[in-house]
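Residue-level listing of the chains:
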Amino acid sequence: MLADCDSQASPRTLILSPHDGPLAAGSLRISVGNGMGVESKQDIKPLLNTVLVGDCMTELRKIPSRSVDLVFADPPYNLQLSGKLSRPDQSRVHGVTDAWDRFDSFAAYDEFTRAWLSECRRVLKDDGALWVIGSYHNIFRVGTALQDLGFWILNDVIWRKTNPMPNFRGRRFTNAHETLIWAARGEKSRYRFNYDAMKALNDDLQMRSDWLLPICSGSERLKGEDGAKIHPTQKPESLLHRVILASSAPGDVILDPFFGTGTTGAVARRLGRDFIGIERDPAYAEAARRRIGKVRRLQGDAIQVTRGKRALPRVPFGALLERGLLKPGGKLYDPSGQHAARIRADGSLVCKDATGSIHKIGAHVQGLDACNGWTFWRVRKGGKLIPIDLLRQQVRAEMKELA
Ligand SMILES: C[S@@+](CC[C@H](N)C(=O)[O-])C[C@H]1O[C@@H](n2cnc3c(N)ncnc32)[C@H](O)[C@@H]1O
């Protein structure tokens with residue numbers, strides 16, 4: 001069983017508390033793995049908003065199957081760095097040389113990748129999805145593994161860095177981007193994509209798959225007392241903001257099996273989602289805990305997902321007649337009031353020699369191929385021409401009240 005402070009089970013487990021309201025320092029839960037695993041039937045609730053400290057393969061087994069909505073994974077890159085790298089002024093470049101990023105061979109990396117991806121697929125809900133971020137060192141291997149395991153790739157997104165590290169030796173192009181793969185659990189998954197929210201975030205333009213964002217720096221970058229970076233690869237919150245807004249809903253459960261400094265947890269919490277983090281290094285887990293403890297969880301309108309017209313319930317024109325908002329035998333007019341069409345009891349219109357739907361007759365009177373009848377036709381009320389779309393909105397509002 002997963003132990004926590006409330007149950008006084010394990011002295012190695014630190015509890016930080018779950019959701020709502022600002023977290024008091026020390027109130028987010030960190031559980032240090034004991035390797036015993038948890039029965040898969042266990043409710044996911046005790047794991048929410050916790051950082052599980054341990055190897056991801058052990059900790060992932062504690063998460064019930066089909067319980068997670070979204071995974072964001074920033075796995076080891078297997079950078080294969082050798083030798084020291086210096087800037088032209090001879091200062092040392094601190095690349096990722098940590099033990100967690102070292103693998104003996106590509107085969108060992110592939111085996112590890114397939115193992116954690118399989119576990120992530122197990123814990124994902126049927127309609128869930130996963131994001132993985134990587135560089136040219138690993139992302140192609142990860143992509144192959146994803147497809148082999150049954151994930152369905154939806155997009156690859158280029159995170160183009162506004163301020164990348166230069167190529168100090170001048171022997172290659174400046175490595176100015178990382179790649180994210182977004183994949184549904186399977187081909188049939190009805191994954192979430194908040195299309196209209198992404199459009200709203202992008203000044204009403206469709207969001208493209210190349211994202212120009214700065215690397216994590218300034219006050220966002222976690223530093224120790226010595227002023228040194230706490231983690232070599234802390235991701236910018238702006239990146240997670242976009243990922244989480246695009247592909248999850250408030251209240252969803254987001255899992256990050258390589259939590260590091262908890263960027264995923266911090267943004268998930270701010271946006272009203274729940275998270276589960278897994279991190280092997282206790283120092284990183286503790287840094288994540290402190291960081292997330294300072295984040296205020298947004299609520300209500302602030303995190304409502306913008307929905308487009310496509311998400312609105314369909315209202316047939318005939319419903320306006322059935323509800324008495326329009327009368328059979330009455331007339332509809334074009335915006336100028338010059339053309340009129342008579343309404344029939346079955347919801348069709350008659351205009352001169354033609355009969356058909358509001359769309360067909362709207363196109364006919366204008367000599368066009370197509371027309372949106374809802375925005376074209378008006379009804380005369382109180383001496384004014386009112387768009388019939390207003391009547392449709394009235395019906396939708398009633399439908400919402402009944403739901
Ligand atoms: C690329 S970093 C993630 C950084 C994170 N996205 C952030 O913004 O801080 C990968 C992290 O995974 C952790 N890690 C590596 N191998 C792991 C494993 N087998 N189980 C759990 N954590 C692991 C490392 O300690 C490291 O903090």
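This text goes with the structure placed above it.
In short, a report on the structure.

The rules behind these values
- Residues numbered from 1 in each chain as written.
- Predicted model: local features only at pLDDT ≥ 70, side-chain atom pairs only at ≥ 80, totals over all residues.
- Heavy atoms only, no water.
- Helix = DSSP H or I, 4+ residues; strand = E, 2+ residues; numbered from the N terminus.
- Buried < 20%, exposed > 50% of the residue type's maximum accessible area, 1.4 Å probe, protein only.
- Core = buried A, V, L, I, M, F, W, Y, C linked by side-chain atoms within 4.5 Å.
- Contact = heavy atoms within 4.5 Å.
- Near = heavy atom within 4 Å.
- Polar contact = N/O pair within 3.5 Å; in protein donor to acceptor, adjacent residues only side chain to side chain.
- Areas by Shrake-Rupley, 256 points an atom, 1.4 Å probe, with all protein chains shown as cover.
- 1 Å grid on protein atoms, 1.4 Å probe; cavity = no way out; pocket = protein on both sides within 12 Å on 5 of 7 lines; lining within 4 Å.
- Sits in = over half its atoms within 2 Å of the grid points.
- Nonpolar A, V, L, I, M, F, W, Y, C, P; charged D, E, K, R; others polar.
- Pairing = 2+ DSSP bridges.
- Points joined across faces, edges and corners; volume = space filled by probe spheres on them.
- Salt bridge = Lys/Arg side-chain N within 4 Å of Asp/Glu carboxyl O.
- Expected span 1.5 Å × (residues − 1).
- Arc of directions from axis to C-beta.
- Phe/Tyr/Trp six-rings, centres within 6.5 Å; stacked < 30°, edge-to-face > 60°.
- Axes fitted to C-alpha atoms, helices over the stretch in contact; angles between N-to-C directions.
- Parallel < 35°, antiparallel > 145°, perpendicular 65-115°, else oblique.
- Left-handed = near helix turned anticlockwise from the far one by under 90°.

Per the secondary structure count, the protein includes eleven helices and 15 strands. The buried share among the 403 residues of the protein stands at 47%.

Take the nonpolar core next. Among the nonpolar cores identified, the biggest contains 35 residues, and Phe 72, Trp 131, Ile 133, Leu 180, Trp 211, Leu 239 and Ile 244 are the most heavily contacted of them. When residues of this core are assigned to their parent elements, the largest contribution, six residues, is made by helix 5 (residues 237-247). If we skip the residues at most four places from it in the chain, Trp 131 touches Leu 70, Val 71, Phe 72, Ala 73, Val 157, Leu 180, Ile 181, Trp 182, Trp 211, Val 243 and Ser 247.

Now for the site of the ligand. Around the ligand, the surrounding shell holds 21 residues, and the nearest of these are Asp 74, His 231, Thr 261, Thr 263 and Glu 279. In the environment of the ligand, a nitrogen atom lies 2.9 Å from a nitrogen or oxygen atom belonging to the side chain of Asp 55. Here the ligand has 600 Å² of accessible area as a free molecule, and 99% of this is covered by the chains. With respect to the pocket detection grid, the ligand is positioned in the second largest pocket. Of the residues assigned to the shell around the ligand, the class counts are nine nonpolar, seven polar and five charged.

Moving on, we come to the pairing of strand 8 (residues 253-256). Where burial is concerned, the two faces of strand 8 agree: the one with Val 253 and Leu 255 and the one with Ile 254 and Asp 256 are both buried. Judged from the two bridges that link them, strand 3 (residues 68-73) and strand 8 form a sheet pairing that is parallel. By the bridge assignment for strand 8, Leu 70 is matched with Ile 254. Both strand 8 and strand 9 (residues 274-279) contribute to a ladder of four bridges, which runs parallel. Its bridge partner lying in strand 9, Val 253 is registered against Asp 274.

In terms of burial, helix 6 (residues 263-270) is largely enclosed, as seven of its eight residues are buried. Turning to helix 6, its buried residues are Thr 263, Thr 264, Gly 265, Ala 266, Val 267, Ala 268 and Arg 269. Contact partners of the buried residues in helix 6: strand 3, helix 5, strand 8, strand 9 and helix 7 (282-293).

A word on the side chain of Lys 235. Within the fold, Lys 235 resides in the loop between strand 7 (210-213) and helix 5. At a separation of 2.9 Å, a polar atom in the side chain of Lys 235 contacts the main-chain carbonyl oxygen of Thr 233. The residues contacting Lys 235, other than those within four sequence positions of it, are Asp 74, Tyr 77, Ile 133, Trp 159, Glu 178, Cys 216, Glu 220, Leu 240 and Thr 263.

Where empty space is left becomes clear once a probe the size of a water molecule has been rolled over the atoms. Size it by volume and the second largest pocket reaches roughly 440 Å³. Going through the elements one at a time, helix 6 and strand 9 are the ones with two or more residues in the lining of the second largest pocket. Looking at the lining of the second largest pocket, its residues break down into 15 nonpolar, eight polar and eight charged.

For the coordinates displayed, the defined rule picks out 19 salt bridges. For the salt bridge of Asp 126 with Arg 66, the shortest nitrogen-to-oxygen distance reads 2.6 Å. With Asp 126 in strand 4 (residues 124-134) and Arg 66 in the loop between helix 1 (56-60) and strand 3, this pair connects stretches of sequence that are 60 residues apart. Overall, Asp 126 belongs to the partly exposed group, its relative accessible area being 43%. On the basis of relative accessible area, Arg 66 is assigned to the partly exposed category, the value being 46%. Ionic pairing is found between Lys 235 and Asp 74, a salt bridge with its closest N-O pair at 3.0 Å. In this pair, Lys 235 is assigned in the loop between strand 7 and helix 5 and Asp 74 in the loop between strand 3 and helix 2 (106-123), connecting sequence segments 161 residues apart. A relative accessible area of 12% means that Asp 74 is categorised as buried. By sharing partners, the salt bridges in this structure join Arg 66, Asp 126 and Arg 185 into a single network.

What follows covers helix 2. With 18 residues, helix 2 should reach 26 Å at 1.5 Å per residue; the first-to-last C-alpha distance of 26 Å fits that figure. Along helix 2, the residues that are buried comprise Tyr 109, Phe 112, Thr 113, Trp 116, Leu 117, Glu 119, Cys 120 and Val 123. The buried residues of helix 2 occupy an angular sector of 160 degrees when the element is viewed end-on, so they sit on one face. What points out from helix 2, more than 90 degrees from its buried face, is the exposed set Ala 107 and Glu 111. Residues of helix 2 that are buried in the fold lie against helix 1, strand 3, strand 4, helix 3 (139-148) and strand 8.

Of the two faces of strand 11 (residues 340-343), the one holding Ala 341 and Ile 343 is buried and the one holding Ala 340 and Arg 342 is not buried anywhere. Strand direction decides the pairing type here: strand 10 (residues 331-333) and strand 11, joined by three bridges, are antiparallel. Residue pairing across strands places Lys 331 opposite Arg 342, the latter belonging to strand 11. Hairpin connection of strand 10 to strand 11: six residues between the antiparallel strands, including Gly 337 at a positive phi of 80 degrees.

Turning our eyes to something else, we now look at the packing of aromatic side chains. One pass over the structure, following the stated rule, counts 13 aromatic pairs. Geometrically, the ring pair formed by Trp 131 and Trp 182 is stacked, given 5.4 Å between the ring centres and 15 degrees between the ring planes. On the criterion of sequence distance, the pair formed by Trp 131 in strand 4 and Trp 182 in strand 6 (residues 177-184) is long-range, its members being 51 residues apart. Trp 131 gets classed as buried once you look at its relative accessible area, which sits at 2%.

A separate point is the packing of helix 2 against helix 3. Relative to each other, helix 2 and helix 3 sit at 45 degrees, their axes nearing to 10 Å. In terms of orientation, helix 2 and helix 3 fall into the oblique class. The handedness of the crossing between helix 2 and helix 3 comes out as right-handed. In contact with Phe 106, Tyr 109, Asp 110, Thr 113, Arg 114 and Leu 117 of helix 2, helix 3 contributes Arg 141, Val 142, Thr 144, Ala 145, Leu 146 and Asp 148. Residues of the contact of helix 2 with helix 3, tallied by class, amount to six nonpolar, two polar and four charged.

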